[in-house]
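Listed below, chain by chain, are the residues.
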Amino acid sequence: MNELKSVLLRSWQSHFWTNTATTGVLTLSFSLILGILLFTTNLGRFLAVWGDEIQITVYLKDTVSAEQLGAIKRGFQSERAIEGFQYINKEAAQASFEKSLSSYGPDFLRAIQGDNENPFPASYLIKIAKEKKTPELIAGLAQEFSKWGGVEDVSFGQEWLKNYAVLLKIVRLMAMVFTTIILIGCVFTVSNAVQASLTVRREEIEILELVGATQKTIRRPFIVEGAFQGILAAAVSLFLLAIAYKLIYQSLDSVLGAATTLSTLSFFPFYLVVFVLVLGAAIGAAGSYVCVARLNTGWAAVHEGHS
Amino acid sequence: MIELSHVYKIYSQSVHALSNLTMKIARGEFVYLTGPSGAGKTTLFRLITCYDRPSSGTVVVAGQNLSTVTPDQVPFVRRKVGVVFQDFKLLKNRTSFENVALPLEVLGMKRAEITARVNDMLDQVGLRYKSGYWPNQLSGGEQQRVAIARALVSKPGLLIADEPTGNLDQNLSNEIMELFARINAQGTTVFVATHNQSFISKGNRRVIRLEKGHIADGFNRPAPQLQEVAAREL
Ligand SMILES: Nc1ncnc2c1ncn2[C@@H]1O[C@H](COP(=O)(O)OP(=O)(O)O)[C@@H](O)[C@H]1O
Ligand SMILES: [Mg+2]
């Protein structure tokens, strides 16, 4: 603990600006990557709530036979993605329609109904398991159902679903592209920054080698320091992101009002915060290790033309 | 203490820094290494301190054949040799005391023993009262004395100094050489590269003179004979 303190103190005292620059670059990169992660997961959640509204309705022919009904039921039961299904007979369909349109007046209702014949088909309302609910699966199931005997038509909010799928794809693709670009840039800048700070430390390494320090002894302080800078950068980025999240949430709240969907948004869970800190430390330590290992090879490490 | 046998160091086709060098320095000797710039003095010291390997030939230091040393063993060879450079090579972010303590920290010595030995060593070079000074608060001569204290604090048995007085005036240089003589009297083998003719001609010490990577004629004998040669040729 004492050694840790003295290593860090000495390093920050004598290399304040290179350390600050390295940590700053790390912080910026972490913030961007974590920001994208936070944005896409929350957008995904936001869209998933909309996705909940989607369900499949299978309309049956009036002429459907008992065997066909049985086959349809068995078909639903054998489909794993289906969590449950509800039969709605012609009368119930008519009743619910009448209820929803009653405000338009009884004349209108009678006009549609015409004779005493009930024009509404019986149907099955199908509930898809939440975790399996993807646009592709829903479209696939709907297509399959429409081929079954006794089925008149299948509806599943086709138009909306298509847009939803496209939107999700675009967001995911953009997130991937951005993250890749930032990661590549991150690796370059970090390795440059560490390289620059190592050039400053070259002398230090040279002298430690001179007095017979082992490779381990020489590398340890650099790795400790890299880990510290990584943790520091991760902590600062998380802090900045938390503030940004709070501000955006508040402004969304005032714009959207008491929209229920807002409650599905959330910051990173605790375990992820811990994971990010550990990852930060690991990245910092690994970066330092790679760079110091290049200078400190154990044998004839320093080639200085001294004549 | 040091034994070289048919040592070559070839940097490239045209640069033969050392060629067919054979010499022996016994325990307790004080030897000057001299010769013009580019003669190969630093190259020789780099071989002795494991900073480089010879192109061919063998180097034995303190009984250890350096051709068989693995990278893992290098630090342990370096601990047997104290090294002093022209440019001191002190850590700027450590005080005199901390610089001298470095080799003992590397050995993993206890705090109390480090303090005792560093203070004792700083006494020997006359700088105990500047323990807490930073290198940039010390004069060149003082910095070199701190560097010497660092080289000797772990009692290495062999001290190698590559033009240690190159950056110092004559008075300070004399002080440093007197310090080396004292250390040698205590039993440490001393091998010093220098350009300074006054030391070479004054002291009745053994001198090895390098020229273009060879030992110059007549300059690789034990001390007594050398005196005559030096008197004749310098
Ligand atoms: N790393 C190196 N690469 C190529 N040539 C070198 C290197 N180090 C030294 N030399 C050459 O080897 C010769 C001996 O150099 P050096 O041992 O430094 O001489 P001195 O210390 O006696 O002045 C010189 O010609 C020098 O240019
Ligand atoms: Mg030299």
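Draft legend 1. Structural view of the overall build of chain A. Counting its regular elements, chain A contains nine helices and four strands. The linear arrangement of helices and strands in chain A, starting from the amino end, is α-α-β-α-β-α-α-β-α-β-α-α-α. Looking at chain A as a whole, 37% of its 307 residues qualify as buried. Put simply, of all contacts in chain A between residues at least 6 apart along the chain, 85% involve residues at least 24 apart. Just so you have it, chain A exposes about 18,000 Å², and 65% of that area is on carbon and sulfur atoms.

Draft legend 2. Summary view of the interface of chain B and chain A. With 31 residues of chain B at the contact, the number on the chain A side is 23 residues. Interface of chain B and chain A: buried area, both sides summed, is about 2,500 Å²; carbon and sulfur atoms make up 58% of it. Across the contact surface, chain B and chain A share two salt bridges. B:K92 is the salt-bridge partner of A:E203, the closest N and O atoms lying 3.0 Å from each other. Scanning the region where chain B abuts chain A turns up five residue pairs in polar contact (both at pLDDT 80 or more).

Draft legend 3. Fine view of the sheet that holds strand β8 (residues 189-193) of chain B. Residues and elements named next belong to chain B. With mixed pairing, six strands are arranged side by side in an open sheet as β6-β7-β8-β3-β9-β10. At either end of the open sheet lies a strand with only one pairing partner, and these are β6 (81-85) and β10 (214-215). Sheet topology places strand β3 (residues 30-34) next to strand β9 (residues 206-211); four bridges connect them, and they run parallel. The residue of β9 that forms the bridge with Y32 is V207. Helix α5 (residues 140-152) contacts β6 and β7 (158-162) of the sheet and is inclined by roughly 165° relative to β6. On the sheet, helix α6 (residues 170-185) packs against β3, β7 and β8 and is oriented at approximately 155° with respect to β8.

Draft legend 4. Quick look at the layout of surface pockets. Of the pockets and cavities examined, the largest pocket occupies roughly 740 Å³. Residue lining of the largest pocket: 29 residues in total, with A:E3, A:V7, A:R10, B:R94 and B:E105 positioned closest to the centre. Counting residues per element, the ones that place at least two in the lining of the largest pocket are α1 (2-14), α7 (158-210) and α8 (215-256) of chain A together with α3 (96-106) and α4 (111-124) of chain B. Element by element, the count of residues in the lining of the largest pocket is highest for α1(A), at seven residues. Here the lining of the largest pocket is composed, by residue class, of 10 nonpolar, eight polar and 11 charged. Reported here for the second largest pocket is a volume of approximately 430 Å³.

Draft legend 5. Quick look at α5(B). Counted at 1.5 Å a residue, the expected span for α5(B) with its 13 residues is 18 Å, and the 18 Å between its end C-alpha atoms agrees. Within α5(B), the full set of buried residues consists of B:G141, B:E142, B:Q143, B:Q144, B:R145, B:V146, B:A147, B:I148, B:A149, B:R150, B:A151 and B:L152.

Draft legend 6. Fine view of a nonpolar patch on the surface. The grouping of A:F228, A:L232, A:V236, A:F239, A:L240, A:I243 and A:L247 at the surface amounts to a nonpolar patch, some 600 Å² of accessible area in total. Following the sequence through the fold, A:V236 ends up in helix α8.

Draft legend 7. Spotlight on the nonpolar core. All names here are of chain B. Judged by nonpolar contacts, the single largest core of 37 residues is most densely connected at Y32, V100, V118, I148, F180 and V192. Breaking this core down by element, the ones donating at least two residues are β3, α3, α4, α5, β7, α6, β8 and α7 (197-202). With residues near it in sequence (within four places) discarded, I148 still touches V84, I176, L179, F180 and I183. L18, I48, V61 and V77 belong to the second-largest nonpolar core, a separate cluster that totals 34 residues.

Draft legend 8. Representation of the sheet that holds strand β2 (residues 16-25) of chain B within the structure. Residues and elements named next belong to chain B. Taken together, the four strands give an open sheet; going across it, the order is β2-β1-β4-β5, and neighbouring strands pair in antiparallel fashion. A strand with exactly one partner marks an edge of an open sheet, and here the two such strands are β2 and β5 (64-65). Relative to the sheet, helix α1 (residues 41-48) contacts β1 (2-10), β2 and β4 (56-61), its axis offset from that of β2 by approximately 60°.

Draft legend 9. How the structure looks around the packing of aromatic side chains. In this structure the tally under the stated criterion is 13 aromatic pairs over all chains. Ring centres 5.1 Å apart and planes at 85° place the aromatic pair A:F16 and A:W17 in the edge-to-face group. Classification of A:F16 by relative accessible area gives partly exposed; the value is 40%. Both rings, one in A:Y245 and one in A:Y249, keep their centres 6.0 Å apart while their planes meet at 40°; by these two values the pair is tilted. Of this pair, A:Y245 and A:Y249 both sit in helix α8, four residues apart, which is roughly one turn of the helix. We classify A:Y245 as buried; its relative accessible area is 18%. Taken together, the aromatic side chains of A:F76, A:F85, A:Y87, A:Y124, A:F145 and A:W148 make up a single cluster linked through ring pairs. If you follow B:R78 out to its NZ or CZ, it ends over the ring of B:Y51, 4.3 Å from the centre. Positioned above the aromatic ring of B:F30 is the side chain of B:R205, whose terminal nitrogen or guanidinium carbon lies 4.2 Å from the ring centre.

Draft legend 10. Geometry of the pattern of salt bridges. Residues and elements named next belong to chain B. Tallied over the full model, the rule gives 16 salt bridges over all chains. Ionic pairing is found between E163 and K41, a salt bridge with its closest N-O pair at 4.0 Å. Within this pair, whereas E163 is found in the loop between β7 and α6, its partner K41 is found in helix α1, the two being separated by 122 residues in sequence. Take K41: its relative accessible area is 4%, and that puts it in the buried class. Of the charged contacts in the structure, one is a salt bridge between R209 and E211, with a shortest N-O distance of 2.7 Å. Judged by relative accessible area, E211 falls into the partly exposed class, the value being 34%.

Draft legend 11. Quick look at the confidence of the model for chain A. Residue and element names in this part refer to chain A. Across chain A, the average pLDDT comes to 78, with 83% of residues at or above 70. Least confident of the elements in chain A is helix α5 (residues 106-113), whose mean pLDDT is 62; most confident is α8, at 87. A low-confidence stretch, residues 300-307 stays under pLDDT 50, and its non-local contacts, those more than four residues away or across chains, total 20 contacts.

Conventions used here
Residues numbered from 1 in each chain as written. Chains lettered and ligands numbered in written order. Predicted model: local features only at pLDDT ≥ 70, side-chain atom pairs only at ≥ 80, totals over all residues. Heavy atoms only, no water. Helix = DSSP H or I, 4+ residues; strand = E, 2+ residues; numbered from the N terminus. Buried < 20%, exposed > 50% of the residue type's maximum accessible area, 1.4 Å probe, protein only. Contact = heavy atoms within 4.5 Å. Areas by Shrake-Rupley, 256 points an atom, 1.4 Å probe, with all protein chains shown as cover. Buried area = accessible area lost by both parts, 1.4 Å probe. Salt bridge = Lys/Arg side-chain N within 4 Å of Asp/Glu carboxyl O. Polar contact = N/O pair within 3.5 Å; in protein donor to acceptor, adjacent residues only side chain to side chain. Pairing = 2+ DSSP bridges. Axes fitted to C-alpha atoms, helices over the stretch in contact; angles between N-to-C directions. 1 Å grid on protein atoms, 1.4 Å probe; cavity = no way out; pocket = protein on both sides within 12 Å on 5 of 7 lines; lining within 4 Å. Points joined across faces, edges and corners; volume = space filled by probe spheres on them. Nonpolar A, V, L, I, M, F, W, Y, C, P; charged D, E, K, R; others polar. Expected span 1.5 Å × (residues − 1). Patch = residues over 30% accessible without salt bridge, like charges linked within 9 Å, V, L, I, M, F, W, Y side chains within 5 Å. Core = buried A, V, L, I, M, F, W, Y, C linked by side-chain atoms within 4.5 Å. Phe/Tyr/Trp six-rings, centres within 6.5 Å; stacked < 30°, edge-to-face > 60°. Lys NZ or Arg CZ within 6 Å of the ring centre and 35° of its normal. pLDDT = per-residue confidence, 0-100.

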